[in-house]
Amino acid sequence: MEPDVPENTGTVTLNKTTAVPGDVVTLTSTNTLDNKPGWEVTLGGQKVALARVSDTQAAFIVPVVSSGAKSLDLAALGFKSTLTLTIGQYAAIQDPAAVFADFQSRLAVAVAYTEGLTTASTYPLPAQNLAVLKNLQQSLPAMYANATAAQKLEVAYLMRQMAFAQVDFGTLGDKATANDDPADRLSKMVSPYALARIKLVFFVGTMAVGGYVASPLVMLVGSVGMLYQLNQTLVIQQDILNTTGIAMSINDYSNRPAEGNGGTLKLFKDTPKGIQVEATYRTVQASDAQAGPELAKQILSGVEEVRGFHTRINAVLLQLKQWLAGSATSLSPFVGAKTQGTTKTMNIPARRLQVRNIFTSGITVTGTAPATGDVLTLKATSNTFNAVTPFTFELAYDYPTLSVSVKKTVTAEYSPVMPGYTVEVLSYDMINNVGHIYGEADPATFSVEQVLQPNDAFKAPSQSLHYYRLKYNGQYVQVKQPTFNGTTPGTYSTFAVSSTAPPQSADVNAGSYLLSLYDETNSRAVLFPVNLTFNNELYRKVVGRTIRTSFPSNPGYFTEVRVKADGTHDYYTNSALRNVGTWSISAGRMYYSTRCASGAKVRRKSLGFMRFTGPIAAQEYSPFESNVIEVYEDGTVNGTGGGFCNSGQSIIQ
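Residues numbered from 1 in each chain as written. Predicted model: local features only at pLDDT ≥ 70, side-chain atom pairs only at ≥ 80, totals over all residues. Heavy atoms only, no water.

Moving on, we come to the overall build of the chain. Check the secondary structure of the chain and you find 9 helices and 37 strands. Within the chain, buried positions represent 50% of all 653 residues. Residue pairs at least 24 apart in sequence account for 65% of intrachain contacts in the chain once pairs closer than 6 positions are excluded. For the chain, the exposed surface amounts to about 28,500 Å²; the carbon and sulfur share of it is 50%. (Helix = DSSP H or I, 4+ residues; strand = E, 2+ residues; numbered from the N terminus. Buried < 20%, exposed > 50% of the residue type's maximum accessible area, 1.4 Å probe, protein only. Contact = heavy atoms within 4.5 Å. Areas by Shrake-Rupley, 256 points an atom, 1.4 Å probe, with all protein chains shown as cover.)

Encoded structure:
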């Protein structure tokens, strides 16, 4: 090692361990290399020009040497140890002219492709760059003719290894569609861009290295390859920096058309809801070199690298002009790809969105995304909440390749109600009641008393049963049909409303109340909201008054139950106090008529039942269930022998 070369304590690796003549080998150092154009090193004892590519990289062309393991001495760079590069088996070139002819034909295709990039791409190449490439192409035959046989053989190995690969910009999505993610395009273009930069690194190895100058023919061929790659790389850079973007924030979500943009997202239990999530995308910008995503930093680092390559090729072209018959070949000053610094708002592809961090325990939100498209389908459910419940959760957009992770907190409202249902409250007759206060409804007599839409006003006594039919999206569904023999699916069922308030005279508006129903057709519970008012007409009809029953078959005999507001009652027969007790309002069925043993039908609308404690003569008051009476809107009472079919008369006085 020369005494004036300080020791480099870093380590060095090669991009390949086996190569053949004409290959370009790249060296990478863990320490920064000296800032000089290049060095003269030896490979298997043969001098090789090693060109500096960047702060940590250098490259050289493998000369024509025999196959086998060769020692690469890097003492000129300050490295004490040597590396080993194996020269593989290769076919010796016997006819350099044939290789040159093949190279010329491939170069013609490459020049035509480059010419297309000046007109067809989104960001066309400067015409000057194409002119320089054509100038080099036209100068090549004369320089080849003037080269020595040794130089022709030397460059033939390089020409044989050179490939003018073309990037298909169409496959990179040169024209994005509405559902494309700009970040997808950015990620997709990185590999071709990296490959193009690597090829630039390779061709730098053919350049002049300080005082160690490769033959003019090698320099010209290397310059052709480098300029071709430089032009193609520039187009990729422009496209990356100006037409592909990074999602930097989620702006809002939209649940069109019903609710417009943003606001409270309304999610009904187990009901799919499609939303679109909008984000601001921006192009890669100069500031990303310091504070952007890691991939953006690498891209901008590559921009600087390409600028350095341009500086190198300009220097080489100036040196080549001596052999280009006075050519004025030059490049316009290269200042890197132009950036527009644009932003655009668009929907994020649904497949990149995730539901995270639901901030209310007991609510589950899931998101389903199609393979393509931007509609994310959300579904919420809960076994905890039976009322409308506000909550928040996060929608997240992650793109690990770009080191992008953004999220938005969504304000939502969970409703246990499923839209699409309507309830038909039915009037009906009882089947073969024969005066009994219980029985089954007769489906043949069903008629619609009231059609309930969600949140409609509904008025009913507490605990009274109502027969109903259920529709979903306009079609009847089966429900759990109650019978005396069990519960089976059917077209109708019953529901009841229940109040915990004590009996009172005034009607009580309970506000939003959920009817608990079950859709057998779709196997799911249905909570149906109504604006419920508890009808206390039964209280007003009876409490503070007397229920008097007379018997035409026994003239002069009567019974009375005097109902008092303090919750007690007095029981009289023929005005003589017999017993005292308490009363309560009990569950009943809101039927409208019953059939009597004679076949006659008596229609009355029920207000509900009252239950009494203390002895009330069963044979006198209720033949099938003592101490219970049913009160009707017209002031009559069912409870004396034979119900309201009998010949007796019970009235409220």
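Okay, the packing of aromatic side chains next. What describes a pair of aromatic rings is the distance from one ring centre to the other and the angle between the planes of the rings. Under the defined criterion, the tally for this structure stands at 14 aromatic pairs. Their ring planes at 55° and their centres at 6.1 Å tell us that Y113 and Y228 sit as a pair that is tilted. Here Y228 lies in helix α5 (residues 216-243) and Y113 lies in helix α1 (residues 96-117), a separation of 115 residues in the sequence. Accessibility classification places Y113 together with Y228 in one group, the buried group. Through successive ring pairs, a cluster of aromatic residues spans F103, Y113, F164 and Y228. Above the plane of the ring of Y399 lies R352, whose end atom (NZ or CZ) is 3.8 Å from the centre. Directly above the aromatic system of Y476 lies the positively charged group of K471, at a separation of 4.7 Å from the ring centroid. (Phe/Tyr/Trp six-rings, centres within 6.5 Å; stacked < 30°, edge-to-face > 60°. Lys NZ or Arg CZ within 6 Å of the ring centre and 35° of its normal.)

Turning next to the side chain of R282. Of note, R282 is situated in strand β11 (residues 273-283). Residues in contact with R282, not counting those within four places in the same chain, are T244, G245, I246, M248, D288, T342 and T343.

In space, the 8 strands of this open sheet follow the order β1-β3-β6-β5-β4-β7-β8-β2, with mixed pairing throughout. Since the sheet does not close on itself, it has two edges, and those belong to β1 (12-14) and β2 (18-19), each with one partner. Pairing of strand β3 (residues 24-29) with strand β6 (residues 57-61) involves 5 bridges; the strand directions are antiparallel. By the bridge assignment for β6, T26 is matched with A59. (Pairing = 2+ DSSP bridges.)

Right, let's get into the pairing of strand β10 (residues 265-268). Because side chains alternate across β10, one face comprises the buried residues L265 and L267, and the other comprises K266 and F268, none of which is buried. Relative to strand β17 (residues 404-415), β10 runs parallel, the two being bridged by 4 bridges. Within β17, the residue paired with L267 across the bridge is Y414.

Another point: the sheet that holds strand β20 (residues 457-460). Sheet architecture is open: 3 strands sit in the order β20-β27-β26, paired in mixed fashion. Edge strands, defined here as strands with exactly one partner in the open sheet, are β20 and β26 (508-519). Ignoring which end each strand starts from, the neighbouring axes of this sheet average 50° apart. Bridge count for β26 against strand β27 (residues 524-534) is 11 bridges, and the pairing is antiparallel. Along β27, the bridge assignment pairs V508 with F534. (Axes fitted to C-alpha atoms, helices over the stretch in contact; angles between N-to-C directions.)

This paragraph deals with the pattern of salt bridges. Inspection of every chain in the model, using the stated rule, returns 16 salt bridges. Across the salt bridge formed by R352 and D184, the nearest N and O atoms sit 2.8 Å from each other. A residue pair is termed long-range when its members are at least 10 positions apart, and R352 in the loop between β12 (343-347) and β13 (353-356) and D184 in helix α4 (residues 182-204) qualify at 168 residues. Taking the relative accessible area as the measure of exposure, R352 reaches 19% and is therefore buried. (Salt bridge = Lys/Arg side-chain N within 4 Å of Asp/Glu carboxyl O.)

Turning next to the packing of helix α3 (residues 149-161) against α5. Contact geometry for α3 and α5: axes closest at 9 Å, N-to-C directions at 20°. When the axes of α3 and α5 are compared, the pair comes out roughly parallel. Read as a crossing pair, α3 and α5 show a hand that is right-handed. Contact with α3, carried on its side by Q151, K152, E154, V155, L158 and M159, involves P216, L217, V218 and V221 of α5 and no other residues of that element. Counted by class, the contact of α3 with α5 contains 7 nonpolar, 1 polar and 2 charged residues. (Parallel < 35°, antiparallel > 145°, perpendicular 65-115°, else oblique. Left-handed = near helix turned anticlockwise from the far one by under 90°. Nonpolar A, V, L, I, M, F, W, Y, C, P; charged D, E, K, R; others polar.)

With that out of the way, let us pick up the confidence of the model for the chain. Confidence along the chain averages 80 in pLDDT terms, with 81% of residues attaining 70 or more. A low-confidence stretch, residues 640-644 (pLDDT under 50), is modelled with 19 contacts involving residues beyond four sequence positions or located in other chains. (pLDDT = per-residue confidence, 0-100.)

It is worth spelling out unusual backbone geometry at this point. Phi is positive for N574, which is not a glycine, with a value near 45°. Residue position: N574 is located in the loop between β30 (568-573) and β31 (576-586). By relative accessible area, which is 38% here, N574 ends up partly exposed. Within the chain, S575 stands out as a residue other than glycine whose phi angle is a positive 70°. When you line up the elements, S575 lands in the loop between β30 and β31.

It is worth spelling out the pairing of strand β15 (residues 376-381) at this point. Here β15 shows one buried face, formed by L376, L378 and A380, and one open face, formed by T377, K379 and T381. Judged from the 3 bridges that link them, β11 and β15 form a sheet pairing that is antiparallel. Bridge pairing in β15 links G274 to T377. In this structure, strand β14 (residues 364-368) lies alongside β15, joined through 5 bridges in antiparallel fashion. Its bridge partner being in β15, V365 is matched across the sheet by A380.

Here T114 shows up in helix α1. Judged by relative accessible area, T114 falls into the buried class, the value being 1%. Dropping the residues within four chain positions of it, T114 is found in contact with L125, L130, L133, Y228 and N231.

Counting residues in each nonpolar core, the largest one holds 93 residues, and the members touching the most others are L265, F393 and Y397. No other element matches α5, which puts 15 residues into this core. Of all hydrophobic cores here, the second largest spans 22 residues; its members include V62, L77, F79 and L83. (Core = buried A, V, L, I, M, F, W, Y, C linked by side-chain atoms within 4.5 Å.)

The next thing to look at is the environment of T445. Looking at the element boundaries, T445 is found in strand β19 (residues 440-452). When the C-alpha atoms of T445 and Y428 are compared, they prove to be 5.3 Å apart, with 17 residues separating the residues in sequence. With sequence-adjacent residues up to four places away left out, T445 is seen in contact with S427, Y428 and D429.

This part covers the environment of A457. If you trace the backbone, A457 turns up in strand β20. C-alpha separation for the pair A457 and P529, spaced 72 residues apart in sequence, amounts to 9.6 Å.

The terminal C-alpha atoms of α3, which comprises 13 residues, lie 19 Å apart, in line with the 18 Å expected from a rise of 1.5 Å per residue. All of the buried residues along α3 are V155, A156, Y157, L158 and M159. The inward-facing, buried residues of α3 contact β6, α1, α2 (127-146) and α5. (Expected span 1.5 Å × (residues − 1).)

With that settled, consider the environment of Y253. Mapped onto the fold, Y253 is located in strand β9 (residues 245-254). As a C-alpha pair, Y253 and N347 span 94 residues in sequence and 8.8 Å in three-dimensional space.

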